[in-house]
Amino acid sequence: MIKMLLYPLLTMLVLVSLCIHTKPAPERHIKEVSEHVTNTLRNYSHEGITIPEKIIGRIEADSVVYKMLENNVVINDYPMFSLCKVVVSSDEYFLSVGILDRILILPKEEIAE
C-alpha cells in the first residue's frame, strides 16, 4: 500500500523540482520574442511587397524591437513557470511561456500582426 503511494509522490516531487530548477530567466523571454518578431519582419510580405534586408539592417530592427519589448512587456514569474505578456491599451496579449528551460512562443499569428 505504501509503495503505491510512494512512487507517484516521488515522481511528482521530481517533476516539480525539475520545473522549479529549470525555469528560464525573464530576460530570455524578451530575447526569444524579439528574435521571433525580427524574423517575422524579415519574412513579411503584404500584397507581394517585402521589406528589403538592407532597410531592416539600416533601421537596426533587432535592437529596436528588443528595446520596445524590454519597455512594454510584463513577465509574471511563478515558481514553476513564467509568462510573458504585453499590455496594449486595456488588452493583454500573452507572448510566451517559459518552462523546463524552454521558451514557447504562444500566438504566432497575433505577434505577426
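Right above here is the structure, for reference.
Just so you know, these numbers come straight off a predicted model, no measurement behind them.

Trainee: Please clarify how the side chain of serine 82 should be interpreted in this entry.
Mentor: By the secondary structure assignment, serine 82 is in strand S4 (residues 82–88). Residue classification places serine 82 among the buried residues on the basis of a relative accessible area of 0%.

Trainee: Could you clarify how one ought to interpret unusual backbone geometry in this entry?
Mentor: Excluding glycine, most residues fall at negative phi; most peptide bonds, likewise, are trans. Even without being glycine, leucine 100 reaches a positive phi, approximately 55°. Relative to the helices and strands, leucine 100 is located in the loop between strand S5 (91–99) and strand S6 (102–105). Here aspartate 101, not a glycine, exhibits a phi torsion of approximately 60°, which is positive. You can see aspartate 101 is positioned in the loop between S5 and S6.

Trainee: Honestly, the sheet that holds strand S3 (residues 73–77) in this entry has me stumped. Any pointers?
Mentor: Pairing between the strands of a sheet comes from backbone hydrogen bonds, and it takes one of two forms, parallel or antiparallel. Overall, antiparallel pairing links the four strands, which are arranged S3-S4-S5-S6 in an open sheet. The two strands at the open ends of the sheet, each matched to only one other strand, are S3 and S6. Taken over all neighbouring pairs, the strand axes of this sheet differ in orientation by 25° on average, direction set aside. As paired elements, S3 and S4 share five bridges and run antiparallel to each other. Pairing of isoleucine 75 across the sheet is with cysteine 84, part of S4.

Calculation notes
- Residues numbered from 1 in each chain as written.
- Predicted model: local features only at pLDDT ≥ 70, side-chain atom pairs only at ≥ 80, totals over all residues.
- Heavy atoms only, no water.
- Helix = DSSP H or I, 4+ residues; strand = E, 2+ residues; numbered from the N terminus.
- Buried < 20%, exposed > 50% of the residue type's maximum accessible area, 1.4 Å probe, protein only.
- Pairing = 2+ DSSP bridges.
- Axes fitted to C-alpha atoms, helices over the stretch in contact; angles between N-to-C directions.

It is worth stressing that arrangement in space is one thing and function is another; only the former is reported here.
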